[in-house]
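Structural overview for review
Read off the chains here:
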Amino acid sequence: MKRTITTRGITIGRGIPKICVPLVGRTVAELIEEAAALKTIDYDIVEWRADYFEQIEDIGKVEETLSQIRAILQDTPIIFTFRSAKEGGEKEVGTAYYIELNKAIIETGLADIIDIELLNEETIVKSLVKTAHSKGVLVIISNHDFEKTPSKEEIIARLRKAQELEADLPKIAVMPTSSSDVLTLLVATNIMYEQYADRPIITISMGSKGVISRLAGGTFGSALTFASAGKKSAPGQVEAAELRRALHLLHS
C-alpha cells in the first residue's frame, strides 16, 4: 500500500485528489485580502507563491507576512513556494539566498510544506529536505517545464529522482504542445503510480490543452491538483468550485 501524508487533518494520497489554491499578492495588503477571501472558497490547501511578493528579499518581512497569513488561515495547510524565474516564477534570487529563505521559513514552523526545485544542486536539495524533516515540515520536490512535455521516460525519471531525494510529494508540471503530450503526461503518471511510487505524487499538464489533467489526474495517480481562487498562479487553472464539482463527478 502506498504511503499517504497528512497535515492539519488533510490526508493526501487517499480518496479524491486534494485541491490547492494559490496566494499571489504582491503586497501585504493584497495577501491579507486574498487570504480572507478564501473563507468563501471550497479548497483543501493553500500555496503561498512568495516569488510574487515584492518584499521577498527581506526575510524578516516574509516571516512577518507568513505569520499574518497563518493567523487568517488558522488550521489550513500552507505550502511555502519560491518559484524561480527559470521554472516559471516571477523572480530570480541567488542560490545562497534561496537556501537562507527556505531554511528561515522552515524554522518559523508556520508553513506545513515547502516546495524545493529538483534542478537545484543535489547537495542543496538534500540539505533543505533534511532541515525540513528535522522540524516536521513536509517537502514537495518539484520540476516545471513551461516549454514542452518531456518523454514519458523522462517524466518518470524526474519523479523517481524526487522520490529518491526523500520528497514527501514528488511533483512535475509540463506544457503540452499537442493532445498527445497530455496523454504522455497521464501515461507517465500512471506508470509512476503503479510501478514506482511509494508515496503520493503530483503531476500536471498545463495550459488549456492540459486542463483535463487537473480534472482527471487522480484517475491516473496524481494526488493533488491546483485551482484558482480568483487569481491564477499557472496557465490552465480552473476555479476551485468548478474543479470540486468535476472531481466529485469523476470520483462518485
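Calculation rules
Residues numbered from 1 in each chain as written. Predicted model: local features only at pLDDT ≥ 70, side-chain atom pairs only at ≥ 80, totals over all residues. Heavy atoms only, no water. UniProt positions renumbered as here; feature names shortened; annotations may be inferred. Core = buried A, V, L, I, M, F, W, Y, C linked by side-chain atoms within 4.5 Å. Buried < 20%, exposed > 50% of the residue type's maximum accessible area, 1.4 Å probe, protein only. Helix = DSSP H or I, 4+ residues; strand = E, 2+ residues; numbered from the N terminus. Contact = heavy atoms within 4.5 Å. Pairing = 2+ DSSP bridges. Axes fitted to C-alpha atoms, helices over the stretch in contact; angles between N-to-C directions. 1 Å grid on protein atoms, 1.4 Å probe; cavity = no way out; pocket = protein on both sides within 12 Å on 5 of 7 lines; lining within 4 Å. Points joined across faces, edges and corners; volume = space filled by probe spheres on them. Nonpolar A, V, L, I, M, F, W, Y, C, P; charged D, E, K, R; others polar. Parallel < 35°, antiparallel > 145°, perpendicular 65-115°, else oblique. Left-handed = near helix turned anticlockwise from the far one by under 90°. Expected span 1.5 Å × (residues − 1).

As recorded by an unreviewed UniProt entry, the protein carries the name 3-dehydroquinate dehydratase and is attributed to Neobacillus paridis. Under Function (unreviewed entry), UniProt gives the following word-for-word description of the protein: "Involved in the third step of the chorismate pathway, which leads to the biosynthesis of aromatic amino acids. Catalyzes the cis-dehydration of 3-dehydroquinate (DHQ) and introduces the first double bond of the aromatic ring to yield 3-dehydroshikimate."

Right, let's talk about the nonpolar core for a bit. Counting residues in hydrophobic clusters, the biggest one holds 49 residues, and the most contacted among them are W48, F80, L101 and I141. In terms of residue count, the dominant contributor to this core is helix α3 (residues 95–108) (six residues). Not counting residues up to four positions away in its chain, the partners in contact with F80 are W48, A50, V62, L101, N102, I105, A111, I113, I114 and D115. Within the second largest apolar cluster, 18 residues are counted, among which are I12, I79, A173 and I204.

Right, let's talk about the sheet that holds strand β4 (residues 45–49) for a bit. Spatially, eight strands are ordered β9-β8-β7-β6-β5-β4-β3-β10 in an open sheet, and the strand pairing comes out parallel. Looking at strand neighbours, the two that pair on one side only are β9 (202–205) and β10 (224–226), the edges of this open sheet. Adjacent strand axes in the sheet meet at a mean angle of 25 degrees when their direction is disregarded. The sheet strands contacting helix α7 (residues 211–220) are β9 and β10, and the helix crosses β9 at an angle near 150 degrees.

Okay, empty space enclosed by the protein next. Summed over the entire model, instances satisfying the criterion amount to one cavity of 30 Å³ or more. Considered as a void within the structure, the largest cavity measures approximately 40 Å³ in volume. In this structure, the largest cavity is lined by P17, T203, I204, S213, R214, G217, G218, S222, L224 and T225. At the level of secondary structure, the elements contributing two or more residues to the lining of the largest cavity comprise β9, α7 and β10. Among the elements that make up the lining of the largest cavity, the one with the highest residue count is α7 (four residues). Residue composition of the lining of the largest cavity, by class: three nonpolar, six polar and one charged.

Moving on, we get to the UniProt feature "binding site: 3-dehydroquinate" (unreviewed entry) in the protein. As recorded in UniProt, the feature "binding site: 3-dehydroquinate" (unreviewed entry) lies at E47, W48, R49, R83, R214, S233 and Q237. Restricting the annotated residues just mentioned to those that line the largest cavity leaves R214.

Once that is clear, we can look at the packing of helix α6 (residues 179–196) against α7. Where α6 contacts α7, the axes come no closer than 9 Å and their chain directions differ by 25 degrees. On the basis of the axis angle, α6 is roughly parallel to α7. Remark: the crossing between α6 and α7 carries right-handed chirality. From α6, V182, L185, L186, T189, N190 and Y193 reach across to α7, where they touch I212, S213 and F220. In the contact of α6 with α7, the residues fall into six nonpolar, three polar and no charged.

Now for α3. In an α-helix, one full turn covers 3.6 residues, which means residues spaced three or four apart are oriented alike. Taking 1.5 Å of rise per residue, 14 residues should cover 20 Å, and α3 covers 20 Å from first to last C-alpha, within 8% of that figure. Residues of α3 that are buried include every one of Y97, Y98, L101, N102, A104, I105 and I106, and no others. Structurally, α3 contributes buried residues whose contacts are with α2 (59–73), β5 (78–81), β6 (113–117) and α4 (122–134). The positive-phi residue at the C-terminal boundary of α3 is G109, with phi of around 75 degrees.

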